[in-house]
Structures are given as structure tokens and as C-alpha cells.
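Chain residues, written in single-letter form:
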Amino acid sequence: MGGALDVNEFVAGYLVEVEEHLSASMANLLAVEAALRAGESSPKAIRELFRALHTIKGLSAMVGVEPIVDLAHAMETVLRAADRAAGSLSALSIEVLLRGLRSIEERARALAEGKPVLPAAPELLAALTALDLAAAPTPPVPTIGADPEILAKLGPGERVQLAQGVAGGRRALRVDFVPSPARTAEGVNITTVRERVGKLAEIVKVVPLSVPASDGAPGGIVFALLVLTSAPDEEVARAAAADGVRALTVEPPVPPAVAALAEREPDEPADREPQLRGVVRVEVARLDDALDKLSALVVTRFRLARAAAELRARGVDTRDLSEILREHDRTLRDLRGAIMRARMISVAELLERVPLVVRGLGRATGKQVRLEIDAGKAELDKAVAERVFPAIVHLLRNAVDHAIEPPAERRRLGKPEEGVVRVSCFERSSNQLELGVADDGRGIDRALVARRAGRPAPESEAALLDLITLPGLSTLDQATKTSGRGLGMDIVRRIAVEQLSGELSVSTSPGAGTTFTLRIPLTLTIVDAFSFLCGDQLFVTPVAGVEEVIEIDAARILRGPAPGQARGGTMLPGLGEARGGTMLPAPGEARGGTMLPAVGEARGGTMLPAVGEARGGTMLIERRGEVVPLVDLGALFELGASPARRALVVRRHGAPFAFGVTRVIGQQEVVVRPLEDPLVRVPGVSGSTDLGDGRPTLVLDLVTLSGRLSAGRGGRGALVRWAS
């Protein structure tokens, strides 16, 4: 063996490990703080936090990052004392430990960027050393009914954890796993048993016990798993490959607020074997490369399909080739799914840092805020996650700084002093995610927003959203460290609508709160899309943005108001919403028909484009009792006089909008290439694609285009130039 070990090759892996353990540490420390506010102890979170810092210290020592070693060691000392106090930490301890985690994060980031890693701040090390945990409450230790050899290995935190579980209605059980050569041959060992039992129960401790060697225990060892569960005993025993379970008694059942007397410091658990998680870390650049290769295969598939169609046109028998192409399509779709799943991250992982953001905002503003997160099992592409997270942060700042009232004001209004911010997320379909940020604050003052913008008060929530997303508009008189410059909501709109081709909406109620909702695609690169013709021009649009494809019946088309009667657009509500308007008869009918309200009387309806923006005036089409504005895309883009036979219906702010097209060709996977050059970016065009003929085909964002037409804004000339 020659040469010294070069640790630089381990740095990339080290940074990934540290990032994961730091994220877990932040979550556990915030859980400890939440338990403290509720008057409870949190022994499990303390132990998990200790283990994460112990791992960070070991990894940092391996690569020689001594400042992180010093910080982690000092924090470990605090957590050892907290574990002896059964999971009790003071508010001051939590604050100092949080500063320690941030300090470790800063030094890890400096190492990643190739900058010098600064020594640990002496004042921080001194603060960690000076933390006084002697004042922690010391009520009696809960009594656990178990064998002495097991009790000897139970720390105070684990005893309290068992007591808390019993107090919460679960059963404390002991289940024994006896390893043997036969079970090992079947792939059953302590690691697999822990994984299976962990799905049914909370594992508090795994205690290895020495027993006399026998036919029943050929290795002379038994693993006793101490668990808390609500599952039936038979299921737990089956998961542990055991003959049965034994109940543990906890006397008396100790309420969650207790903490035990300091006992002997538990050793590092002997049962913690290395566990193979079946996870391989892959750089995002490699996944991007795989996606690029897949994109090339998708384009090649289009070329193959075109070549096969040309052969059929010449009379060649292509039945065998067609079968191969169908199998190729299935394989390619499966490959796409596999690569996209590899790129997906859970929304829960994306939102891991949100509690820390809200905590910092609450402290900066002096407001009491409780965060509630419901992320479910939703996932999205890492590239989308990286783009949308800044929008989430801006919405949280907006909620805490603008919406949530100060404690004194909430008391005066009869509200709890602690405000609530909820972040919820779920998949609306197989390719779209809905993310909401709601608060129980004061709601949006429409009159105040209108005065700040120098415009009339908005009558609909869509119009209100247009106002609050104006660049530079803020309702604060003076900018603060967290908001007040009027950029946050504009950034949210740009990210959700322009960058991600999604949708942003708002719902607000005075005194009750506000909800912002983002609907974004799960992925941006390879999407399912409809291809269609406008005249002789081919376009595509993502399936996620289309609510329905309908036939256009010329006999059911209505004409809007004559030019000059509704400049800048007319508001048309859904049927049944209008009051006191003008009756437009349905074609061929002398009475009945569709109600069109006078301008300004409609509520929550759909904005019709100004008459001059669509050739031939504004058209309306009836769909299942609902009147929908209809715009002929071919006429809008000046692509010829081919009549529109189909319509693609999209929905913006809850209101439908239909785009007439000449013919819908079908649905297919396309590779979207974004338009990066700002000189050629056009509202309503999200990118281009190649359908195998070597020519760029525009990808239309019909939701954004409907918004531009509804608002009567410009951009039509640019769209016409693009189309031609």
C-alpha cells in the first residue's frame, strides 16, 4: 500500500450524509420544542437527535472537518444530559442547539463551495457548555414490569417513552426473535424483523439477551423487542417470527408531562446493527443525462412512426413493424415512468424546512404561529420542487407578516393568540399537484389593496389576485426584514404561472383568513400532450391543462355583444348566477336562452375577451347548462379560414374557457424544450417540441393564454408572429 489516503474523494458523499442528518436533526429539535409547548417530554426525539449528531461528528472526524466535530461534540453533551432527564430540554437549550445546527449547516455549505471552514464560534461553544439542565423537573420514575436484565438496559427516556405510549392508549409488548441458521437461510434476521415489526409498532428498544444454547436457540442469543402498538398480538408475533408476545406493565401510567430522575447514562445500543436501506445515491446530473437520452428516444419514436406511415402509404405490409412499434411504445412508456420515479422526491421532504421558516418568521414578527402540514404521499420532480419552494416561502412570509394578527389584536377579536398556517398538498391527477397555503388571519382588505394600487376595488377574487401580484405593490408602509417591498406575490405568480405553466388562485374572507392555491405539473420535461391542427399549423398542449375536448355544434354557438357595447371585455357568469341582465335567445328559440348580465353585475364569472381580439366577435358555446367563451385559435393566429370543429376546454380561476381548433390529432408523449431567450418568450407559449419531422412545434399553455385574452391584454401580435 502506498501513499496517504486522500479524503477529498469522500467529501461529496460526506456532504450528502451531513445534509440528511441535519434535516433529521432540525425536524427532531422542532418536535422537542413542540412537545415543550404542550407540556410534554420527548425522549424519542432527543435520542434520534443525539444519534444524528453522533453520526455527523464521526463523519466529520473522518474527513477532518474539526469545527463541525467540536460543535457536534458540545451538542452531544447537552443531549446526554437531556436523555438522563428523560427527554427534558429547556427553551433556552433548544434555542442554543438550533444555533448549533445552523452553525454546522453553514460550515458544511462552505466546504461544499470550496471556501475555508471557519472554527466554531467560542461564544457558541461557551453557551453550549453553560447550559444548565439541573432545573429539569424530576417526578418519580415510571415502573416497568419486565425482567431485571431488560430493566438494566432501559434508560430513563425509554421508560418514559413506554409510559407515554400506554397513556396514549397503546399496549406495551415484549416480543422475542430467536435467530437460527434456518431462518438466516430464508432471509429472516434481526434487521428484516425490525423492518417488519416497525410497520406495525413503534420499536422502543431492542435488547440482545444471552441464553443457554439449545435446539430452540442454537446461537445462544435472543433479541427482545420492546414495542408500543395497537395492532393485534398475532400480527406482531407473525412479523417477528415469534411464537407469541408478552405484555409489559407500566405502573402507574404516567401522563406525557413527566420526566424521570437521572439514572445511569445508557451506553450506545448494542442492538444497532448496520442496516442496508436499499438506497443508492445518484447525482441529479446523472438523472438529467438519463432523461436527455430518453428524450432522444421519444423523438426517434416519432420518426419511426412517420416512416412506418409512409411505407403503408406506398402499399407495403407493415403489420409486423406496427406490432414492434406498439411494443416499443409500451417499453418506452415504462422506461419513462422508471426514470421519472427516480427523479421524484416526496413533498414531505420538500417541506422539511418549512417549520424552521415559520418559526423564524414568528420570532421576527413577535407573533405566535402554529404550523400544520398535510403532505400525504404526493411526489414531484426534483426540478419542479426546486423551482416551487421559493414560492412556498414567499406565501408563508405573506401569511405570517401580513395575515396573522398580533396576539393582542387576536385576543380583542376573540381569536386564540396563536395563529394557524396550514400547508396542504395532494395530487389532483396523475400529472398535476395542488398545493395550498392557508391562514386564519385577517383576510385581504380589498379596499386597501385598491387604494395602494390606485385602481378600483376588485369585485372578484381573480381580479383581486391580479392586483396583489402587481410588481412593487405592498400594503405595508415600511419594508421589514421579511416583507414590504412588493415583490413576494409577483415572484409567486411568475414561478407558478410563467415558469411552471401552472395556475395560482386566491380565496379570502374578512376576519377568517386567506388561502392561496397553486396547481403545478409534477414534471416539466416529458409530458403527455394533445396534438392538434389550427388550419394547417400543428400545435401541442399538455393534457394536464385541458379539462375536456368537445365537439363544436355550429347551431349552439352564440354571439356576444356588438362592438362598442363592451369595451375591454364583458363578465359572464355561469348559468343561474346572473341577475338583471339581458336575455340572449338560443338559436332557433323565441324564448328562453342564456342570461347575459349587464357589465359589472356578474359575480364569480368568466371574463370575455374584447370583441376586437377574436375575429368575428366574441363567441359563446353552451356546455351542460354552462355558457363558455369560445375563441377560434386559427382565427386568433390568422392561420386561415378553416372552421373549428373541436374545442379544448380549460379552466382558469374556476371559470371555463374554450379554444376552437380544426382537428385534434391525438394524445402522445412529447419532450418540451423551454424557451430560455427572453426576447422570444411569449405569454401562452411554454416551449417547443420535435414530433419527429425535424421542425419545432410550439407547445401552447392554454390556461395562461386564456388569462391574457380574458384580461384584454396585448400579446396577440407576438402570438401571430410565432404561429406564422
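Within each chain, residues carry numbers counting from 1 in the order of the written sequence. Residue-level local features of this predicted model are given only where pLDDT is at least 70; pairs of side-chain atoms are given and counted only at 80 or more, and the full residue set underlies all totals for whole chains, interfaces and linings. Excluded from the side-chain calculation are hydrogens and water; included are all heavy atoms of the structure.

**Notes on the overall build of the protein**
Working step 1: A run of H or I in DSSP counts as a helix once it spans at least four residues, and a run of E counts as a strand once it spans at least two, with each numbered from the N terminus. Regarding its fold elements, the protein presents 22 helices and 28 strands.
Working step 2: Looking at the protein alone, contacts between residues at least 24 apart form 70% of all its contacts between residues at least 6 apart.
Working step 3: About 35,500 Å² of surface is accessible on the protein, with carbon and sulfur atoms providing 53% of the total. Contact criterion: two residues are considered in contact whenever any of their non-hydrogen atoms come within 4.5 Å of each other. Here the Shrake-Rupley method, with its probe set to 1.4 Å, supplies the accessible areas, and only the displayed protein chains count as covering residues.

**Side note on the packing of helix α11 (residues 284-313) against helix α12 (residues 319-343)**
Two measures define how a pair of helices packs: the angle their axes make with one another and the distance between the axes.
Working step 1: Running from N to C, α11 and α12 cross one another at 165°; their axes reach a closest spacing of 11 Å. Judged by the angle between their axes, α11 and α12 are roughly antiparallel. As α11 runs across α12, the sense of the crossing is left-handed.
Working step 2: Under the convention adopted here, Pro, Cys and the residues Ala, Val, Leu, Ile, Met, Phe, Trp and Tyr are nonpolar, Asp, Glu, Lys and Arg are charged, and Gly plus all remaining residues are polar. Counted by class, the contact of α11 with α12 contains 17 nonpolar, two polar and six charged residues. Every axis in this analysis is a line fitted to C-alpha atoms, fitted for helices over the stretch in contact. Angles between the N-to-C directions lie between 0 and 180 degrees. Oblique is the label for any angle not under 35 degrees, not over 145, and not in the 65 to 115 range, which are roughly parallel, roughly antiparallel and roughly perpendicular in turn. Note on convention: the crossing is left-handed when the near helix lies turned anticlockwise from the far helix by less than a right angle, right-handed when the turn is clockwise.

**Structural notes on helix α18 (residues 461-468)**
Working step 1: Restricting attention to buried positions, one finds in α18 the residues Leu464, Leu465, Leu467 and Ile468. For α18, the buried positions fall inside an angular range of 160° around the axis, keeping them on one side.
Working step 2: Contacts from the buried residues of α18 go to α17 (446-453), α19 (488-499), β12 (503-509) and β13 (513-521). Residue exposure (1.4 Å probe, protein chains only): buried if accessible area is under 20% of the type maximum, exposed if over 50%, otherwise partly exposed. Each C-beta atom gives one direction from the helix axis, and the arc is the one those directions make.

**Some thoughts on the packing of aromatic side chains**
Given two aromatic rings, one states the distance between the centres and the angle between the planes to describe the pair.
Working step 1: Each aromatic pair joins two rings of Phe, Tyr and Trp (for Trp, the six-membered one) with centres within 6.5 Å, and gets the label stacked for planes under 30 degrees apart, edge-to-face for over 60, and tilted for any other angle. Throughout the structure, instances matching the rule amount to three aromatic pairs.
Working step 2: Following the ring pairs from residue to residue traces out a cluster consisting of Phe532, Phe539 and Phe637.

**Remarks on the packing of helix α14 (residues 354-365) against helix α15 (residues 382-403)**
Working step 1: Relative orientation of the contacting elements α14 and α15 amounts to 30°, with a least axis distance of 10 Å. As judged from the angle between their axes, α14 and α15 are roughly parallel. Taken as a pair, α14 and α15 cross one another with a handedness that is right-handed. Between α14 and α15, the residues in contact are Val354, Val357, Val358, Leu361, Gly362 and Thr365 and Phe389, Ile392, Val393, Leu396, Arg397, Val400 and Asp401, respectively.
Working step 2: Broken down by class, the residue content of the contact of α14 with α15 amounts to nine nonpolar, two polar and two charged.

**Some thoughts on the sheet that holds strand β24 (residues 646-652)**
Working step 1: Note on pairing: DSSP must find at least two bridges between two strands before they are called paired. Strands sit in the order β16-β24-β25-β23-β22-β17 across an open sheet of six strands; the sheet is mixed. Only two strands of the sheet have a single partner each, and these edge strands are β16 (548-551) and β17 (557-559). Averaged over neighbouring strand pairs, the angle between their axes works out to 35° when direction is ignored.

**Some points on the confidence of the model for the protein**
Working step 1: Across the protein, pLDDT averages 76, with 78% of residues at or above 70.
Working step 2: Summary of the metric used: pLDDT quantifies the predictor's per-residue confidence within the range 0 to 100. Predicted confidence for residues 252-277 stays below pLDDT 50, and this span has 58 contacts to residues more than four positions away or in other chains.

**Re the sheet that holds strand β4 (residues 221-229)**
Working step 1: Taken together, the four strands give an open sheet; going across it, the order is β3-β4-β2-β5, and neighbouring strands pair in antiparallel fashion. Edge positions in the sheet fall to β3 (201-210) and β5 (245-247), since each of these pairs with one other strand and no more. Taking the axes of each pair of neighbouring strands and ignoring which way they run, one obtains an average angle of 25° across the sheet.
Working step 2: Here strand β2 (residues 171-177) pairs with β4 via seven bridges, running antiparallel. The partner of Arg171 across the bridge, within β4, is Thr229.

**Observations concerning the nonpolar core**
Working step 1: Within this scheme, the nonpolar core is defined by two criteria: the residues are buried Ala, Val, Leu, Ile, Met, Phe, Trp, Tyr or Cys, and they are joined through side-chain atoms within 4.5 Å. With 47 residues, the main nonpolar core has Leu380, Leu396 and Phe516 as its most contacted residues.
Working step 2: Broken down by element, the residue count for this core peaks at nine residues, all from α15.
Working step 3: Here Leu396 is in contact with Val354, Val357, Val358, Leu361, Val421, Val423 and Val437, once residues within four sequence places are set aside.
Working step 4: Core analysis: the next-biggest nonpolar cluster, separate from the first, contains 38 residues, Val11, Leu49, Ile68 and Leu124 among them.

**Side note on the pattern of salt bridges**
Working step 1: Definition used for salt bridges: Asp or Glu carboxyl oxygen within 4 Å of a side-chain nitrogen of Lys or Arg. Applying the stated criterion to the full structure yields 42 salt bridges.
Working step 2: Between Glu113 and Lys115 there is a salt bridge whose closest N-O contact spans 3.2 Å.
Working step 3: The salt bridge partner of Glu434 is Arg519, with a shortest N-O separation of 2.9 Å. You can see Glu434 sitting in strand β11 (residues 432-439) and its partner Arg519 sitting in strand β13, a full 85 residues away along the chain.
Working step 4: Taking the relative accessible area as the measure of exposure, Glu434 reaches 15% and is therefore buried.
Working step 5: Beyond isolated ion pairs, a larger network of salt bridges with shared partners links Glu547, Glu548, Arg623, Arg624, Glu626 and Arg651.

**Considerations on the environment of Ile621**
Working step 1: With respect to the element layout, Ile621 can be found in strand β22 (residues 619-623).
Working step 2: Its relative accessible area of 3% is what places Ile621 among the buried residues.
Working step 3: Spatially, the C-alpha atom of Ile621 lies 6.2 Å from that of Arg556, the residues being 65 residues apart in sequence.
Working step 4: Setting aside residues up to four positions removed in sequence, Ile621 forms contacts with Ile550, Glu551, Ile552, Arg556, Glu626, Val627, Val628 and Leu630.

**Notes on α12**
Working step 1: The span you would expect from a helix comes to 1.5 Å times its residue count less one. With 25 residues, α12 should reach 36 Å at 1.5 Å per residue; the first-to-last C-alpha distance of 36 Å fits that figure.
Working step 2: Looking at α12, one finds that the buried residues are Ser322, Leu325, Leu332, Arg336, Ile339, Met340 and Arg343.
Working step 3: Residues of α12 that are buried in the fold lie against α11, β7 (344-346), β9 (379-381), α15, β14 (526-534) and β26 (663-671).

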